[in-house]
Amino acid sequence: MIQTDIVIIGAGPVGLFTVFEAGLLKLRCHLIDSLPEPGGQLIEIYPKKPIYDIPGYPVVNAGDLIARLMEQIGVFKPGFTLGETVTKLEETADQKFIVTTNKGTMHQAPIVIIAGGLGVFEPRKPPIENLAAFEDKGVEYIIKDPELYRDKNVVISGGGDSALDWTIYLSEKKIAGKIALVHRRTSFRGHLDSVQKVMDLAAAGQIDLITDAEVVGIQPRDGGHLGAVLIKHSTLGDVVRPADHFIPLFGLTPSLGPIADWGLDIEKNAVKVDTFDYSTSRKGIYAVGDINTYPGKLKLILCGFHEGTLAVQSAFARIYPNKKNVLKYTTVNGVSGF
Ligand SMILES: Cc1cc2nc3c(=O)[nH]c(=O)nc-3n(C[C@H](O)[C@H](O)[C@H](O)COP(=O)(O)OP(=O)(O)OC[C@H]3O[C@@H](n4cnc5c(N)ncnc54)[C@H](O)[C@@H]3O)c2cc1C
């Protein structure tokens with residue numbers, strides 16, 4: 001059981017900055033995220049896009065902002081449980097919460113802050129019969145550990161940044177033995193640089209680029225592991241291609257997921273909060289960032305930073321009802337970590 005002062009569900013920008021504000025109050029945090037790395041939408045959806053409305057940064061790339069937030073909170077040594085989805089939230093008799101993930105990791109804290117953004121990102125799956133039977137047996141929707149593909153025969157499918165970037169990465173780093181990128185169109189939705197790089201790799205024979213085509217079937221080899229994919233090509237017809245791994249990267253769709261079942265007041269797929277301290281309808285549970293709703297709510301990073309700041313002040317008062325908390329400027333007190 002991981003013990004901490006505050007369990008933060010969601011390691012997007014708002015969850016990350018909340019760690020900093022909690023740290024200033026000497027409250028320890030542990031973050032849980034279903035994605036394999038911190039950053040939420042900024043890393044998952046638009047890592048290379050410039051953001052122009054973060055105070056003090058005339059422009060900052062989303063990926064860079066997350067890197068700076070990670071640097072800023074490092075001093076407070078937050079814990080991370082990544083690649084796991086919180087499925088269960090229970091309250092103990094002494095008013096603590098036990099937060100459990102789909103992999104059974106348990107966390108205990110007197111305060112829970114939900115910074116779940118748009119909810120859990122569920123991968124969009126291609127409509128292939130028996131696909132589910134091959135999940136974790138050669139079919140993956142998110143690349144968590146590139147080493148899994150070392151010297152393997154890999155087929156990636158998709159036309160966005162994720163499909164392009166991973167094709168480039170697995171090829172350029174010489175990780176995959178063989179790699180094919182299958183896309184149903186000839187044009188790609190991704191970054192122009194990445195499209196060009198994929199074209200160059202294909203021209204150099206480093207990857208097989210198969211466009212105007214779709215993976216429509218999968219076949220096992222001995223032991224029930226994926227052995228081959230069936231590719232339907234608009235002009236060449238059906239082709240069976242041996243594959244150890246098939247990775248459809250068709251993007252992720254958000255859903256509130258298990259958070260909807262925790263007895264919180266929900267409105268329009270978001271958690272209702274009191275704007276005094278961003279507390280939810282359950283004492284000890286707060287909701288900050290894109291996941292919450294209140295009159296005038298704006299889904300902006302800047303607003304989430306403010307919400308997290310006020311939530312931890314209230315959390316402090318709940319954990320230490322007899323301690324007075326006086327606001328101290330960082331210019332006066334500095335930042336002393338754990
Ligand atoms: C294309 C695009 C451009 C944008 N541009 C701007 C901009 O210029 N300026 C701006 O201010 N905002 C912008 N936004 C909005 C901004 O990205 C969001 O406001 C911000 O990401 C919200 O941060 P968050 O931490 O609340 O949530 P998120 O970034 O969504 O992170 C939430 C995290 O919680 C995790 N999670 C959810 N439920 C669970 C669970 N049950 N268990 C474990 N983990 C869970 C998710 O996996 C996710 O990683 C943009 C958004 C998009 C899509």
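As shown above, the structure is provided for reference.
How each quantity is defined
- Residues numbered from 1 in each chain as written.
- Predicted model: local features only at pLDDT ≥ 70, side-chain atom pairs only at ≥ 80, totals over all residues.
- Heavy atoms only, no water.
- Salt bridge = Lys/Arg side-chain N within 4 Å of Asp/Glu carboxyl O.
- Helix = DSSP H or I, 4+ residues; strand = E, 2+ residues; numbered from the N terminus.
- Buried < 20%, exposed > 50% of the residue type's maximum accessible area, 1.4 Å probe, protein only.
- Phe/Tyr/Trp six-rings, centres within 6.5 Å; stacked < 30°, edge-to-face > 60°.
- Lys NZ or Arg CZ within 6 Å of the ring centre and 35° of its normal.
- Near = heavy atom within 4 Å.
- Polar contact = N/O pair within 3.5 Å; in protein donor to acceptor, adjacent residues only side chain to side chain.
- Areas by Shrake-Rupley, 256 points an atom, 1.4 Å probe, with all protein chains shown as cover.
- Nonpolar A, V, L, I, M, F, W, Y, C, P; charged D, E, K, R; others polar.
- Axes fitted to C-alpha atoms, helices over the stretch in contact; angles between N-to-C directions.
- Parallel < 35°, antiparallel > 145°, perpendicular 65-115°, else oblique.
- Left-handed = near helix turned anticlockwise from the far one by under 90°.
- Contact = heavy atoms within 4.5 Å.

Colleague: Where do I start with the pattern of salt bridges in this structure?
Modeller: Two side chains bearing opposite charge may form a pair once their charged atoms approach each other closely. One pass over the structure, following the stated rule, counts nine salt bridges. The salt bridge partner of Glu71 is Arg68, with a shortest N-O separation of 3.4 Å. Here Glu71 and its partner Arg68 are both found in helix α3 (residues 62-73), three residues apart, which amounts to about one turn of the helix. On the basis of relative accessibility, which here comes to 57%, the residue Glu71 falls in the exposed class. Overall, the relative accessible area of 43% leaves Arg68 in the partly exposed class. The shortest N-O distance in the salt bridge between Asp244 and Arg221 comes to 2.9 Å. A residue pair is termed long-range when its members are at least 10 positions apart, and Asp244 in the loop between β17 (237-242) and β18 (245-248) and Arg221 in the loop between β15 (213-220) and β16 (226-233) qualify at 23 residues.

Colleague: Would you explain the packing of aromatic side chains in this entry?
Modeller: Aromatic ring pairs are reported here in terms of the distance separating the ring centres and the angle at which the planes meet. Inspection of every chain in the model, using the stated rule, returns seven aromatic pairs. With a centroid separation of 5.8 Å and 20° between ring planes, the pair formed by Phe17 and Phe20 is classed as stacked. Taken together, the residues span about one helical turn, with Phe17 and Phe20 both in helix α1 (residues 13-24) at a distance of three residues. Across this residue pair, the class does not change: Phe17 and Phe20 are buried. For the cation-ring pair, Arg28 lies above Phe338, with the distance from its terminal atom to the ring centre recorded as 4.1 Å. The ring of Tyr320 carries Lys323 above its face, with NZ or CZ at 4.1 Å from the centroid.

Colleague: What is the right way to look at the site of the ligand in this model?
Modeller: Taken together, 32 residues form the shell around the ligand, and within it Asp33, Gln41, Tyr46, Val86 and Asp290 come nearest. Pro13 places a polar main-chain atom, nitrogen or oxygen, 3.4 Å from an oxygen atom of the ligand. One of the side-chain N or O atoms of Gln41 is found 2.9 Å from an oxygen atom in the ligand. When isolated, the ligand has an accessible area of 990 Å², and the protein chains bury 87% of it. No other element matches α1, which puts three residues into the shell around the ligand. For the shell around the ligand, the class distribution of residues is 16 nonpolar, 11 polar and five charged.

Colleague: What should I look at first to understand the packing of α1 against α3 in this one?
Modeller: Geometrically, a packed helix pair is captured by the angle between its two axes and the distance between the axes. Running from N to C, α1 and α3 cross one another at 20°; their axes reach a closest spacing of 9 Å. Taken together, the axes of α1 and α3 lie roughly parallel to each other. In this structure, α1 crosses over α3, and the sense of that crossing is left-handed. Across from Pro13, Leu16, Phe17, Val19 and Phe20 in α1, the residues of α3 making contact are Ile66, Leu69, Met70, Gln72 and Ile73. Its residues assigned to classes, the contact of α1 with α3 shows nine nonpolar, one polar and no charged.

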